[in-house]
Amino acid sequence: QKEVEQDPGPLSVPEGAIVSLNCTYSNSAFQYFMWYRQYSRKGPELLMYTYSSGNKEDGRFTAQVDKSSKYISLFIRDSQPSDSATYLCAMSPYNNNDMRFGAGTRLTVKP
Amino acid sequence: DVKVTQSSRYLVKRTGEKVFLECVQDMDHENMFWYRQDPGLGLRLIYFSYDVKMKEKGDIPEGYSVSREKKERFSLILESASTNQTSMYLCASSLYPPERKGYTFGSGTRLTVV
């Protein structure tokens, strides 16, 4: 079993849809949870950063962490074609030197 | 704008060649990392460094070595390239402690070994 599981998709939605991306994990030591967005032929860029459980909102993006279920989510409201990218979840324990990444979900938002 | 710069976007090398991948960051970050990214496998850590001349093995160090002679530069070396090392290679850097900023990645080097 992988330490971080993420459905690779691909996921295709119409413009304006609400998108839900999810990851599960097995290591209860993870405390920092992140979502990265990776456009084609680019490196990942940090999108959302959350410490421990709870919700965090930034514009159209909401990150949720449920440590009791070992489950994290990223919601995108009013999705746009520019949101088309691969989204990777990432998580680490007490420091930043042992970050584990999901395999990434490829999202396409169609106009 | 802070940056992690990888010297090559695309490389084609022959089996058995020694390959150098260079990475430079301008953010004065302590930590630097090398990952490879393969479809369905995500990002796998090859090596990381938390200080000049310091290095730690990641999950898949076999066939690779690294060098960090200066704080801003972290090099990945393929001692004798093989076809199974064809991949996208990503360099990243971060502060320690992370200060909620995660990693900053370069744009990647797509290496093909023929």
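These figures come from a predicted structure and were not determined experimentally.

*Asks:* Is there a simple way to think about the interface of chain B and chain A in this case?
*Replies:* One frequently used descriptor of interface size is the decrease in accessible area upon assembly of the parts. If you look at the interface, chain B gives 25 residues, while chain A gives 21 residues. Taken together, the connections running from chain B to chain A amount to 1 salt bridge. For the interface between chain B and chain A, the tally reads 4 residue pairs in polar contact (both at pLDDT 80 or more). Counting residues per element, the ones that place at least two in the side of chain B that touches chain A are strand S4 (31-38), strand S5 (42-49) and strand S9 (87-94) of chain B. Counting residues per element, the side of chain B that touches chain A draws most heavily on S4 of chain B, at 4 residues.

*Asks:* Looking at this structure, how should I read the confidence of the model for chain A?
*Replies:* Detailed reading of the predicted coordinates is not advisable wherever pLDDT is low. Looking at chain A, the pLDDT average stands at 92 and 97% of residues meet or exceed 70. When pLDDT is averaged over each element of chain A, strand S8 (residues 71-76) of chain A comes out on top at 97 and strand S5 (residues 45-51) of chain A at the bottom at 90.

*Asks:* For this particular structure, what's the right way to read the pairing of strand S3 (residues 19-25) of chain B?
*Replies:* One face of the sheet, then the other: side chains in a regular strand alternate in exactly this way. Residue and element names in this part refer to chain B. Burial along S3 is one-sided: Val19, Leu21, Cys23 and Gln25 are buried, while Phe20, Glu22 and Val24, pointing the other way, are not. As defined by bridge partners, S3 adjoins strand S8 (residues 73-78) across 6 bridges and the pair is classed as antiparallel. In the strand pairing of S8, Val19 is matched with Leu78.

*Asks:* Can you help me understand the pairing of strand S6 (residues 54-58) of chain A in this one?
*Replies:* Residue and element names in this part refer to chain A. Direction of pairing for S6 relative to strand S7 (residues 61-66): antiparallel, over a ladder of 5 bridges. Looking at S7, one finds that Asn55 is bridged to Gln64. Linking two consecutive strands that pair antiparallel, namely S6 and S7, is a turn of 2 residues; a positive phi of about 65° is found at Gly59 within it.

*Asks:* Would you mind going over the sheet that holds strand S1 (residues 4-6) of chain B with me for this structure?
*Replies:* All names here are of chain B. Spatially, 4 strands are ordered S1-S3-S8-S7 in an open sheet, and the strand pairing comes out antiparallel. The open sheet has two edge strands, S1 and strand S7 (64-70), and neither has a second partner. Direction aside, the axes of adjacent strands within the sheet are offset by 20° on average.

Calculation notes
- Residues numbered from 1 in each chain as written.
- Chains lettered and ligands numbered in written order.
- Predicted model: local features only at pLDDT ≥ 70, side-chain atom pairs only at ≥ 80, totals over all residues.
- Heavy atoms only, no water.
- Contact = heavy atoms within 4.5 Å.
- Salt bridge = Lys/Arg side-chain N within 4 Å of Asp/Glu carboxyl O.
- Polar contact = N/O pair within 3.5 Å; in protein donor to acceptor, adjacent residues only side chain to side chain.
- Helix = DSSP H or I, 4+ residues; strand = E, 2+ residues; numbered from the N terminus.
- pLDDT = per-residue confidence, 0-100.
- Buried < 20%, exposed > 50% of the residue type's maximum accessible area, 1.4 Å probe, protein only.
- Pairing = 2+ DSSP bridges.
- Axes fitted to C-alpha atoms, helices over the stretch in contact; angles between N-to-C directions.

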